[in-house]
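Breakdown of the fold
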Amino acid sequence: MNYPTPATFTRATSALMFEEAKQYFPGGVHSPVRAFRSVQGPPVFFEEGSGSHIRDVDGQAYIDFCCSWGPLILGHCPPAVLERVQQTIVKGMSFGTPTPHDLLIGKLMLENHRYIEMVRFVSSGTEAVMSALRLARGVTGKSKVIKFEGCYHGHVDALLVKAGSGLVTFGISTSAGIPEAFAKETIVVPLADAEALELALKQHAGDVACVIVEPIPANNGLLLQDRAYLQKMRDLCTEHGVLLIFDEVISGFRVGFEGAAGLYDIQPDIITFGKIIGGGMPVGAYAASRTIMEHIAPMGPVYQAGTLSANPVAMAAGYATLLELLKPGFYEGLEQKTAWFTATLEKYCQEKGYALRFPHVGSIFWPTFSESRIQRADEIDGKGMDLFKIMHLECLKRGVYFGPSGYEVGFISSAHTQEDLDYAIAMIKESIDVVFS
Ligand SMILES: *Cc1c(COP(=O)(O)O)cnc(C)c1O
């Protein structure tokens, strides 16, 4: 593998491309974190991926722990997925009609997931969440939504809202362009605090359509919650006649085929999917009981549509991916690999006295510059982000690619071999020695 070293590492071609890209695209990118604003140097442009490796436009190889932000649980270009996509694509890329692929993936998904009975496919995680909110509002006839500080649900207007300082407060919009009237429909409460949730439900009794949560919050660090808290959330929703939405765009099919619902054995009312379900293609989905899903058009009054929804090529990629995930031992193997990888790094940090830990669940992990368990967004120390910046650059120079922000989690795919992980561990150790030197 043509891994860079600190002496040979270059971003010459990437830097040139980025300069040009900035003329065409806002910030040079199509999704903000890609611009590398929270780490050092210009973004690296990649042009090839195979298994756990990616190659940049300067010809250097990296072990990829970003995995396209989560979708690539099988790594890059897994043969089974590639083959099915190739067979499908030559038969037509879109019809805007039902196709046999709908049935293949739908049946497979529902037969192997005990928490859902019907599903609607869309084209992104954001679209899935947006539609799920509309469905919850349509079913309940209520308008307010409760979300948690530190949970990301895509760029849905009403959810781009973060908490104010109070315990329970009206949202202050985080993004420009969101009318106050929309933000007012969103109530933000802290994670890991059942009392705050109960208070919010009581204060807004009769107005709340749903509570939406990332049951495994993994977009603002990895803020692992206790099962008891999630169960309490379920109970409170039932008690108040409010729908519980598990946003499993990142955790779905990641911590097990049944995602967080299965991991914690908690029955939400609606589940949203994205990322892995598309096997690298743009796919989202939302699913629920038959009773709830029957509110969707054309069966019911909640409108939701899509020109490219359930696109056959994307469905083929998703179906081929899900088939792999259902093979015996798939998740156990991935979990063991991740547990070993994170434990090895943590042991090193403990021996050296470095305040860096690697909490994980399933094959998601988070390098966090803290020795304590972090469950809420406001417990994350911003100083750790400066250390992450150094670590990111040092890893990059040694052929280890992490998502370009300390708030992002890392992923291990089934394509990461022991050899890859051994190499990555050696390089990460060198990098964190630099961080703490
Ligand atoms: C990634 C993500 C989204 C948004 O999905 P997109 O496909 O990027 O629109 C929503 N919710 C969660 C939990 C996610 O991780």
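Just above, that's the structure.
Residues numbered from 1 in each chain as written. Predicted model: local features only at pLDDT ≥ 70, side-chain atom pairs only at ≥ 80, totals over all residues. Heavy atoms only, no water.

1. Observations regarding the pattern of salt bridges
Taken as a whole, this structure holds 17 salt bridges when the rule is applied. Among the ionic pairs, Lys202 bridges to Glu198, the shortest N-O distance being 3.5 Å. Of this pair, Lys202 and Glu198 are both found in helix 6 (residues 194-203), 4 residues apart, which corresponds to roughly one turn of the helix. On the basis of relative accessibility, which here comes to 52%, the residue Lys202 falls in the exposed class. (Salt bridge = Lys/Arg side-chain N within 4 Å of Asp/Glu carboxyl O. Helix = DSSP H or I, 4+ residues; strand = E, 2+ residues; numbered from the N terminus. Buried < 20%, exposed > 50% of the residue type's maximum accessible area, 1.4 Å probe, protein only.)

2. A look at the packing of aromatic side chains
This model, assessed by the stated rule, comprises 16 aromatic pairs. Ring centres of Phe65 and Phe341 lie 5.2 Å apart, and the angle between their planes is 25°; on these two criteria the pair is classed as stacked. On the criterion of sequence distance, the pair formed by Phe65 in the loop between strand 3 (61-64) and helix 2 (79-89) and Phe341 in helix 11 (residues 330-352) is long-range, its members being 276 residues apart. No difference in accessibility class separates Phe65 from Phe341, as the two residues are buried. Both rings, one in Tyr348 and one in Tyr354, keep their centres 6.2 Å apart while their planes meet at 70°; by these two values the pair is edge-to-face. On the basis of relative accessibility, which here comes to 10%, the residue Tyr354 falls in the buried class. Here the aromatic residues Phe65, Phe341, Phe365 and Phe402 are joined through ring pairs into a cluster of three or more. (Phe/Tyr/Trp six-rings, centres within 6.5 Å; stacked < 30°, edge-to-face > 60°.)

3. Concerning unusual backbone geometry
Residues Ala297 and Pro298 are joined by a peptide bond in cis, for which omega reads 10°. Within the secondary structure, Pro298 is located in the loop between helix 9 (290-293) and helix 10 (312-325). With a phi angle near 50°, Cys77 is a residue other than glycine that sits in the positive phi range. Within the secondary structure, Cys77 is located in the loop between strand 3 and helix 2. Its identity is not glycine, yet Phe253 carries a phi of approximately 65°, on the positive side. Mapped onto the elements of the fold, Phe253 is located in the loop between strand 11 (243-247) and helix 8 (259-264).

4. Re the sheet that holds strand 17 (residues 410-411)
Read across the open sheet, the 3 strands follow the order 14-15-17; overall the sheet is antiparallel. Either end of the sheet is taken by a strand with one partner, and the two such strands are strand 14 (360-361) and strand 17. Examined bridge by bridge, strand 14 and strand 15 (residues 364-365) share 2 bridges and lie antiparallel to one another. Bridge pairing in strand 15 links His360 to Phe365. (Pairing = 2+ DSSP bridges.)

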